[in-house]
Amino acid sequence: MKISRPGKPRGENWHIDPDALAAYYALSGIQPLSEEGAIRVQPTFGDAEGFREIISLEPGFQVVLGDITCHKEAHLSMRSDTSLKFHYRIEGFSGLELPEAGENKIAHYSMGVLLHPEGLEKHEHYLAGEHERSVTLICEAEFLRGLFAGIAPQLPPALGAYITSGEATAYRNSLPMKTDMVTAANMILGTELRGSLRRYYIQARALELLVVSLQSCIDAEANIDSRERGLTQREIERMHRTRELLEARFVHPPTIGELARHIGLNEAKLMHDFKQLFGQTIFDFTQNLRMDEAKRLLETTERSITEVAFDVGYEYSSNFTTAFKRRFGITPSVAREAFRK
């Protein structure tokens, strides 16, 4: 999707064309925002509530923020353009159907990578009662070429060719979101900054997301054979259940033995499959969740550092301080003071 005024020269106060956006999403109720180059649209499908917000960050680089609840099941049909999209689903399930590929389920904590020739028809399927929170990066070849031409040979061939020549061939992949992706996407959706500061903050986080996503594509390309040999679809589903359990119980996480018994694997297999799929150990994944929650509490509450440490599962604040500094490079007290200033 390229949302720019037809005939408008690039770089000259370019902005999103509301008519093109409405046609693409089949949405209505376009509402301009105070930030330049940003609009919100109100969904009309499925008796939905919420919004999509589209922000132009640079020529050829846009971000779409989604916070939508569908009260009825809905189907949308649209045609693709030649932009490369990275979709980060934080909450909610939906389906995406492409010709000769069947419907692909978009699950929470997944990153979808999508590139297709212009005009390809696709269908989106929204489930009743699902609450979608998502971030989507929309990148054009010229923008990517200016920054990432040097890494094109390391990417999957379709993505590399798109960056170097602008040729859009069919490519679709779904990869798990690593913790730093989840953190960046949540910070984009949750920032309370306003005006130009909000836009620049989102731009910085969106670039961070783009960089780590390209690295994930490189890693997936390098390990595709071993990944396919090592994990069956059932094993992948087991790892997602493991991740969901850890996300629900990260303050006092289950032991590896408890996890293994719950999932139905031996401990060695569980640890191997989790790291292969998500790119980090179970311990590191859980620690990152605890530290991210601690940072949120330090910034949004008046709870003492000792209380925050206890809230995220630490009996001793000294151990918590050591873990926090290892994760963020500063102590909890410095993090709180910096946020307040």
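The following paragraphs examine the structure supplied in this document. Values in this document were obtained by computation on a predicted structure and should not be read as measured data. (Residues numbered from 1 in each chain as written. Predicted model: local features only at pLDDT ≥ 70, side-chain atom pairs only at ≥ 80, totals over all residues. Heavy atoms only, no water.)

## A closer look at the pattern of salt bridges
Part 1 of the reasoning: Taken as a whole and assessed by the stated rule, the structure comprises 15 salt bridges.
Part 2 of the reasoning: Between R40 and E53 there is a salt bridge, with its nearest N and O atoms 3.3 Å apart. Of this pair, R40 sits in strand 2 (residues 38-42) while E53 is found in strand 3 (residues 49-58), placing the two residues 13 residues apart along the sequence.
Part 3 of the reasoning: Judged by its relative accessible area of 27%, R40 is partly exposed.
Part 4 of the reasoning: Judged by relative accessible area, E53 falls into the buried class, the value being 1%. (Salt bridge = Lys/Arg side-chain N within 4 Å of Asp/Glu carboxyl O. Helix = DSSP H or I, 4+ residues; strand = E, 2+ residues; numbered from the N terminus. Buried < 20%, exposed > 50% of the residue type's maximum accessible area, 1.4 Å probe, protein only.)

## Digging into the environment of E132
Part 1 of the reasoning: Mapped onto the secondary structure, E132 falls in strand 11 (residues 131-139).
Part 2 of the reasoning: We classify E132 as buried; its relative accessible area is 5%.
Part 3 of the reasoning: Between the C-alpha atom of E132 and that of E91, which follows or precedes it by 41 residues, the distance is 5.1 Å.
Part 4 of the reasoning: Each residue touching E132, except ones within four places of it in the same chain, is listed here: R52, G66, D67, I68, H87, R89, E91, G92 and Y126.
Part 5 of the reasoning: Separated by 3.2 Å, the side chains of E132 and R52 make a polar contact. (Contact = heavy atoms within 4.5 Å. Polar contact = N/O pair within 3.5 Å; in protein donor to acceptor, adjacent residues only side chain to side chain.)

## Details of the layout of surface pockets
Part 1 of the reasoning: There is about 890 Å³ of room inside the second largest pocket.
Part 2 of the reasoning: Taken together, 25 residues line the second largest pocket, and the ones lying closest to its centre are N186, M187, D292, R296 and E299.
Part 3 of the reasoning: In terms of residue count, the dominant contributor to the lining of the second largest pocket is helix 10 (residues 282-300) (eight residues).
Part 4 of the reasoning: Among the residues forming the lining of the second largest pocket, the class breakdown is nine nonpolar, six polar and 10 charged. (1 Å grid on protein atoms, 1.4 Å probe; cavity = no way out; pocket = protein on both sides within 12 Å on 5 of 7 lines; lining within 4 Å. Points joined across faces, edges and corners; volume = space filled by probe spheres on them. Nonpolar A, V, L, I, M, F, W, Y, C, P; charged D, E, K, R; others polar.)

## Some points on helix 9 (residues 267-278)
It helps to recall that an α-helix has 3.6 residues per turn; residues three or four apart then point in one direction.
Part 1 of the reasoning: Its 12 residues place the ends of helix 9 16 Å apart at the C-alpha level, agreeing with the 16 Å of an ideal helix rising 1.5 Å per residue.
Part 2 of the reasoning: Among all positions in helix 9, only L270, D273, F274, L277 and F278 are buried. Along the axis of helix 9, the buried residues cluster in a sector spanning 100°; they form a single face.
Part 3 of the reasoning: At the N-terminal boundary of helix 9, the capping side chain belongs to N266, with an oxygen 3.2 Å from the backbone nitrogen of A268.
Part 4 of the reasoning: Looking one or two residues beyond helix 9, the residue adopting positive phi is G279, at roughly 75°. (Expected span 1.5 Å × (residues − 1). Arc of directions from axis to C-beta.)

## Thoughts on the nonpolar core
Part 1 of the reasoning: Formed by 45 residues in total, the largest nonpolar core has its most connected members in F86, Y88, L137, L144, L209 and L210.
Part 2 of the reasoning: Ranked by the residues each element gives to this core, the list is headed by helix 5 (residues 195-222), at nine residues.
Part 3 of the reasoning: Judged by nonpolar contacts, the second largest core, of 16 residues, contains L231, L245, L265 and F274. (Core = buried A, V, L, I, M, F, W, Y, C linked by side-chain atoms within 4.5 Å.)

## Considering the packing of helix 8 (residues 256-263) against helix 9
Part 1 of the reasoning: At their nearest, the axes of helix 8 and helix 9 sit 9 Å apart, and the two run at 90° to each other. One element, helix 8, and the other, helix 9, form an angle in the roughly perpendicular class. Judged by residue contacts, I256, G257, L259 and A260 of helix 8 engage E267, L270 and M271 from helix 9.
Part 2 of the reasoning: Here the residues of the contact of helix 8 with helix 9 are counted per class, giving five nonpolar, one polar and one charged. (Axes fitted to C-alpha atoms, helices over the stretch in contact; angles between N-to-C directions. Parallel < 35°, antiparallel > 145°, perpendicular 65-115°, else oblique.)

## Quick notes on the packing of aromatic side chains
Part 1 of the reasoning: Tallied over the entire structure, the rule returns five aromatic pairs.
Part 2 of the reasoning: Chaining the aromatic ring pairs together yields one cluster made of Y314, F320, F324 and F328.
Part 3 of the reasoning: Over the ring of F51 we find R40; its NZ or CZ atom is 3.8 Å from the centre of that ring. (Phe/Tyr/Trp six-rings, centres within 6.5 Å; stacked < 30°, edge-to-face > 60°. Lys NZ or Arg CZ within 6 Å of the ring centre and 35° of its normal.)

## Details of empty space enclosed by the protein
Part 1 of the reasoning: Following the criterion strictly, the structure yields one cavity of 30 Å³ or more and no others.
Part 2 of the reasoning: A volume near 60 Å³ is recorded for the largest cavity.
Part 3 of the reasoning: Along the walls of the largest cavity sit I68, C70, R89, F93, S94, Y126, L127, E130 and E132, which together make up its complete lining.
Part 4 of the reasoning: Looking at side-chain class alone, the lining of the largest cavity contains five nonpolar, one polar and three charged residues.

## Observations concerning the environment of Y109
Part 1 of the reasoning: Here Y109 shows up in the loop between strand 8 (102-106) and strand 9 (110-115).
Part 2 of the reasoning: Linking Y109 and T179, residues 70 residues apart in sequence, is a C-alpha distance of 9.3 Å.
Part 3 of the reasoning: Filtering out sequence-adjacent residues up to four positions away, Y109 remains in contact with R89, I90, P176, M177, V182, R243 and E247.

## Here's the deal with the packing of helix 7 (residues 233-248) against helix 8
Part 1 of the reasoning: Following both chains from N to C, one finds helix 7 and helix 8 inclined at 130°, their axes separated by 10 Å at the closest point. It follows from the interaxial angle that helix 7 and helix 8 lie oblique. Between helix 7 and helix 8 lies a crossing whose hand is right-handed. Between helix 7 and helix 8, the contacting residues are R238, R241, T242, L245 and L246 on the first element and L259, H262 and I263 on the second.
Part 2 of the reasoning: Of the residues that constitute the contact of helix 7 with helix 8, the class distribution is four nonpolar, two polar and two charged. (Left-handed = near helix turned anticlockwise from the far one by under 90°.)

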